[in-house]
Amino acid sequence: MGVCWGPVVRVLVLQAAWALGGGQVRYSVPEEAKAGTVVGRLAQDLGLEAGEPEARRLRLVAQGRRASVEVSGASGALVVSSRLDREELCGKSAPCALRLEVLVERPLRVFHVELEVTDINDNAPLFPAARRNLSIAEFTSLPGSRFPLEGASDADVGANAQLSYTLSPSEHFTLDVKSSDENRKSLFLVLAKPLDRETVPVHRLLLTARDGGRPSLTGTVELVISVLDVNDNAPQFNQSVYKVLLPEDALEGTLVAQVSATDPDLGIYGEVIYEIDTFVPPSASDVFSIDAKSGEIRLTGALDFETVTFYDLHVKAKDNGMPPLSSHCSVELEVVDVNDNAPEVWVTSLSVPVPEDAAVGTVVALLSVSDRDSGANGRVRCAVWPAAPFGLVATFAGSYSLVLREALDRERVPEYEVEVRAEDGGAPPLRASRGVRVPVSDVNDNAPAFAQAVYTVLARENNAAGAELARLWARDPDEAGNGRVSYSVAEGGGGGAAAAAGVGWRAASSYVSVDAESGRLWALQPLDYEELQVLQFEVRAVDAGEPPLCGNATVQLFVVDENDNVPALLAPAGGGPGPGAAGSSASGPGSSGALWAWAAWGAPAGQVVAKIRAVDADSGYNAWLRYELWEPRGKGPFRVGLYSGEVSTARALEEADGPRQRLVIVVRDHGEPARSATATLSVSLVEGGEAALAAAGSSSSSSSSSSGAGLRPAAGAEGGAAAAAAAAAAAATNVWLVVAICAVSSLFLLAVVLYGASRWAPRAAVLSGRGPATLVCASEVGSWSYSQRQSRSLCVADGAGKSDLMVFSPNFPLPPPPGPAAKETQPEPPALLDTVVDCIPRP
């Protein structure tokens, strides 16, 4: 299998040439090349493959002046686009090198190309004038006299500008050419033989200049020499060359030099007049002037080192003779550079906006910096302000890249005003700056965030469907779609007592909904406190970015109880009537219940006859019950505990009170408006022994029946004396047993209360546990009323002695597991939430 080594060798040679050239491509093209001439295969030399120049937008960036070349988009070759004139581009500078910058994209890179425009012999030597007039006196001008001539100039450089001079044949004159330096030649017309005006009054000679090009070009000037008479002494300068150094910022009127010449003749023939005969370059005629009498040369215009660095002035001194005689000297003025040009900064390429997740080192802009001054005055230092997050990297002489130094954050700074500052090395230094606006584009890097992690919402039960419960708001600092937030309800649920046991659990989406745009939380159905006390769910906020980001907030919805349930009477705890107990025949929520009990004649005041038990499905004040004796009114033999429901004797019972007392007791809650239920209690008054037997019979019957059916009292008239004695003994025993049990229970209860008060005072304490809990209400009479409420809290407040305390806490239900396995799976214990404790003062 053959291997083609040609492309591999070519790539290696290009890489080696690139490394040796310091990363710069150099081309050479002769001036006056025709448009379309291929200068070089730029894309190939840069290592680009076929098709890449056009795909990566290979192009030139010119700096301030026309480049006259362009990159062919299809082939990637560097071709001539317009006329190339080396003299116009570079003047007399050699070599003439154009520095070009070549840009390619994806990724953005810059290459530097140096194009040398070579000179061709397209300019002929040119004399300042086609004719030159000279006046030479006869006889007084001795052989060997020298007369300076102005040489020709050639706009070309190198060998094309090397001039040689020839003079047409003459027996009176010869040409003397002296090279003062490499680029300047001094021409003198030398008198070889004395002149005789009477023989030849005018001599006409042709001076020819020929350059060193192939083929060579020539230029001519006609020398017309008039032979004069008389004045035989010409003025003489004290020195032939005056050298002057002058800074370019010299003001107009500054004395450049003062030339001096003397003439030994007397009278008008010895008076010397000065004038500048020749200006090199010709533009110097507007810059210098000479005083005809004193010979002082002064500035009449401004000097510019960057335009002309050297002036050569030919000064002629002549007398007033007829004809006048003259001599010449040269004033050579060298212009000294001063720091009068500030640096210049150009932005050649700008890639904006910059995404905020751009990597460190990303090129944002390409800059070019230059200073027209020379030496230290032209050396430029660059810096960027502010120093972060951008920096400058020097890529080539006078070229910089503005790169990213630190990570960007559009939410913190959406746009940067970057200033590139340049300072030269002059004294004092000159400065320049260029502003670059760099906007930062957004990416989706911020998730929506709620103002708080947990929202607590209170809603009254029996609210209307569609009622607004709360407004949630999440902030996303991103812009446009990345910051547009939509809301939705995540999973969650709640319930009442049944839900706490895993029965009747319902999803939060069946109770509430959230508006996707505004975040408004509203109820889908009326809420029932007895069904649902607390609803916990999550609201999710999602932005419209790619990929989308989201944030969550927990909403705890507490249903506030309304007084919508009437108290319900409960069956007696024991099961049969007797002293301290009540039997029932019928009871129900909101209805009247018929109860009966026995009491012994002669019972002392304060003896408990029965206890009315009731419960309210509401909570708080709405479930706080009080008991009132409705009938009989006035001072009867019985009274009812306001909060305990205990029916006790108000005084000692007498036979005058009759065999039976009918009591109507109203059970009322503290809601607004209050709701109530009525209980009717029939108390039979019997002898002490019969009451004890009835109590004993009730105790024995409680083991076989728990329905609370009433027991009839046994007949006392037909019993014998033995039976009466036995009954009396049993009654006494039961009375003492009841007294002992009550005493022990009271002591135990007192110890618990004292222990709790010392343990948790003065702050409220929370006792939490699993399972159904009970609402405990402490009243000023020291008794307890129980309600079928869910609670885990006991609140002991250190308020006034007459304050009642009511405590309740909602429990979160445990949602049932999905699927048919819900009946077989034991639900996990519900998560404990922060207990809500309401302390309600007694009115």
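In the block above lies the structure referred to throughout.
Everything numeric here is computed off the predicted structure, so don't read it as measured data. (Residues numbered from 1 in each chain as written. Predicted model: local features only at pLDDT ≥ 70, side-chain atom pairs only at ≥ 80, totals over all residues. Heavy atoms only, no water.)

Caption draft 1: Fine view of the overall build of the protein. If you tally the helices and strands in the protein, you get 7 helices and 54 strands. Out of the 843 residues belonging to the protein, those deemed buried represent 40%. The contacts of the protein with a sequence gap of at least 6 include a subset with a gap of at least 24, amounting to 68%. (Helix = DSSP H or I, 4+ residues; strand = E, 2+ residues; numbered from the N terminus. Buried < 20%, exposed > 50% of the residue type's maximum accessible area, 1.4 Å probe, protein only. Contact = heavy atoms within 4.5 Å.)

Caption draft 2: Representation of the sheet that holds strand β24 (residues 344-350) within the structure. The strand order across the open sheet built from 4 strands is β24-β26-β29-β28, with neighbouring strands paired in antiparallel fashion. Each end of this open sheet is capped by a strand with a single partner; those strands are β24 and β28 (390-396). Direction aside, the axes of adjacent strands within the sheet are offset by 30° on average. Pairing of strand β26 (residues 363-370) with strand β29 (residues 399-404), which is carried by 5 bridges, proceeds in the antiparallel orientation. Along β29, the bridge assignment pairs L366 with S401. (Pairing = 2+ DSSP bridges. Axes fitted to C-alpha atoms, helices over the stretch in contact; angles between N-to-C directions.)

Caption draft 3: Here's a closer look at the environment of A261. Along the chain, the position of A261 falls in strand β18 (residues 261-262). For the pair formed by A261 and F237, sequence separation is 24 residues and the distance between their alpha carbons is 3.9 Å. Discounting residues that sit within four places of it in the chain, A261 has contacts with P235, Q236, F237, V272, Y274 and A317.

Caption draft 4: The arrangement of unusual backbone geometry in detail. Here the residue pair V352 and P353 is connected by a cis peptide bond, since its omega of -5° sits within 30 degrees of zero. Within the element layout of this structure, P353 appears in the loop between β24 and β25 (354-355). Following E672, the chain continues to P673 via a peptide bond in cis, the omega torsion being -5°. Mapped onto the elements of the fold, P673 is located in the loop between β50 (660-669) and β51 (676-686). The phi dihedral of N462 falls on the positive side, at around 65°, and the residue is not glycine. Of note, the phi angle at A480 is positive, near 55°, even though the residue is not glycine. Topologically, A480 is positioned in the loop between β35 (474-475) and β36 (485-495). Given a relative accessible area of 65%, A480 falls into the exposed group.

Caption draft 5: Structural detail: the sheet that holds strand β9 (residues 146-149). Pairing is antiparallel in the open sheet, where 3 strands are placed in the order β9-β12-β11. Each having just a single partner strand, β9 and β11 (173-179) make up the two edges of the open sheet. Averaged over all pairs of adjacent strands, the angle between strand axes in this sheet comes to 30°, irrespective of strand direction. Strand direction decides the pairing type here: β9 and strand β12 (residues 185-191), joined by 4 bridges, are antiparallel. Following the sheet pairing, R146 is matched in β12 by V190.

Caption draft 6: Representation of the packing of aromatic side chains in the model. This structure, assessed with the given rule, holds 8 aromatic pairs. What links up through ring pairs into an aromatic cluster is the set F450, Y455 and Y487. The ring of F188 carries the charged tip of R146 above its face, separated from the ring centre by 4.4 Å. We note R633 situated over the ring of W630; from NZ or CZ to the ring centre the distance is 4.0 Å. (Phe/Tyr/Trp six-rings, centres within 6.5 Å; stacked < 30°, edge-to-face > 60°. Lys NZ or Arg CZ within 6 Å of the ring centre and 35° of its normal.)

Caption draft 7: Fine view of the side chain of S349. Structurally, the position occupied by S349 is in strand β24. The contact partners of S349, leaving out residues within four places of it in the chain, are R59, L103, L108, V364, A365 and L366.

Caption draft 8: Region of the structure containing the nonpolar core. By size, the foremost hydrophobic cluster in this structure holds 30 residues, and its most contacted members are F237, V256, V259, F288, I297, Y311 and V315. For this core, the secondary structure elements donating two or more residues are β16 (241-247), β17 (255-258), β19 (273-280), β20 (288-290), β21 (296-299), β22 (310-318) and β23 (326-336). Beyond its immediate stretch of four places on either side in the chain, F237 contacts Y242, V259, S260, A261, Y274, V315, K316, A317, S327, H328 and C329. Judged by nonpolar contacts, the second largest core, of 27 residues, contains Y455, Y487, V539 and V555. (Core = buried A, V, L, I, M, F, W, Y, C linked by side-chain atoms within 4.5 Å.)

Caption draft 9: Geometry of the pattern of salt bridges. Across all of its chains, the model carries 22 salt bridges by this definition. Across the pair D277 and R132 runs a salt bridge whose closest N-O atoms are separated by 3.3 Å. Pair noted here: D277 is in strand β19 and R132 is in strand β8 (residues 131-137), with a separation of 145 residues, a long-range link. Here E419 and R421 are joined by a salt bridge, their closest N and O atoms 3.2 Å apart. Classification of E419 as partly exposed rests on a relative accessible area of 23%. Assessed through its relative accessible area of 39%, R421 is described here as partly exposed. Salt bridges sharing partners connect three or more residues here, namely R410, E411, D442 and E479. (Salt bridge = Lys/Arg side-chain N within 4 Å of Asp/Glu carboxyl O.)

Caption draft 10: Region of the structure containing the environment of F288. With respect to the helices, strands and loops of the structure, F288 is situated in strand β20. C-alpha of F288 to C-alpha of L255: the two residues are 33 residues apart in sequence and 9.8 Å apart in space. Beyond its immediate stretch of four places on either side in the chain, F288 contacts V256, I276, F279, I297, R298, L299, T300, L303, Y311, L313 and L333.

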